[in-house]
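# Structure at a glance
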Amino acid sequence: ALIYLKREVQEITGQGNVIFDGEVVSFDEDFQKQMTQVRRLENMDPSIFELRLFDIASLTKETQARREKILKMAYDNLPKKFKRKNKPKILIMLC
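Below you will find a few notes about this structure. These numbers come from a predicted model, not from an experiment.

What follows is about the overall build of the chain. Check the secondary structure of the chain and you find three helices and three strands. Counting from the amino terminus, helix and strand elements in the chain follow one another as α-β-α-β-α-β. Within the chain, the proportion of its 95 residues that are buried is 29%. For the chain, the share of sequence-separated contacts (at least 6 apart) that also reach a separation of at least 24 residues comes to 62%. Looking at the chain as shown, the accessible area adds up to about 6700 Å², and 51% of this sits on carbon and sulfur atoms.

Tallied over the full model, the rule gives three salt bridges. Arg-67 serves as the salt-bridge partner of Asp-55, at 2.8 Å between the closest nitrogen and oxygen. With Asp-55 in strand β2 (residues 49-56) and Arg-67 in helix α3 (residues 64-76), this pair connects stretches of sequence that are 12 residues apart. With relative accessibility at 12%, the residue Arg-67 sits in the buried group. For Arg-66, the salt bridge goes to Glu-62, with nearest N and O atoms at 3.8 Å. Since its relative accessible area comes to 32%, Glu-62 is described here as partly exposed.

Reading the values: rules and limits
Residues numbered from 1 in each chain as written. Predicted model: local features only at pLDDT ≥ 70, side-chain atom pairs only at ≥ 80, totals over all residues. Heavy atoms only, no water. Helix = DSSP H or I, 4+ residues; strand = E, 2+ residues; numbered from the N terminus. Buried < 20%, exposed > 50% of the residue type's maximum accessible area, 1.4 Å probe, protein only. Contact = heavy atoms within 4.5 Å. Areas by Shrake-Rupley, 256 points an atom, 1.4 Å probe, with all protein chains shown as cover. Salt bridge = Lys/Arg side-chain N within 4 Å of Asp/Glu carboxyl O.

Following this line, the structure appears as C-alpha cells:
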C-alpha cells in the first residue's frame, strides 16, 4: 500500500522523490510474536501492525498545511483494496 501511496503523492506533486515521516505501531504485546511477524517475507499478519504517517519530508518547499492536504488526498485516492479489513493499515495523523 505504501508504494501506491508514494505513486499518488508523485502524481499530485509531480515530484520524483517521496520521503514519508511516520512510524510502525504494533498492537500485539507479545514481543516475540512481533519479531516473528517482522522477519517474515510472506504470510505476515498485517492486523497487528499499523503505519502512522505524519508528514511528507521530501516536500520541504511546501507549507505544513499543504503537505498534510497532499497526504490526505493521496490516501483518499488509494485503491479500495488497501483499505479493507486484514490489509496493512495506514493511518494519516494530521497535527
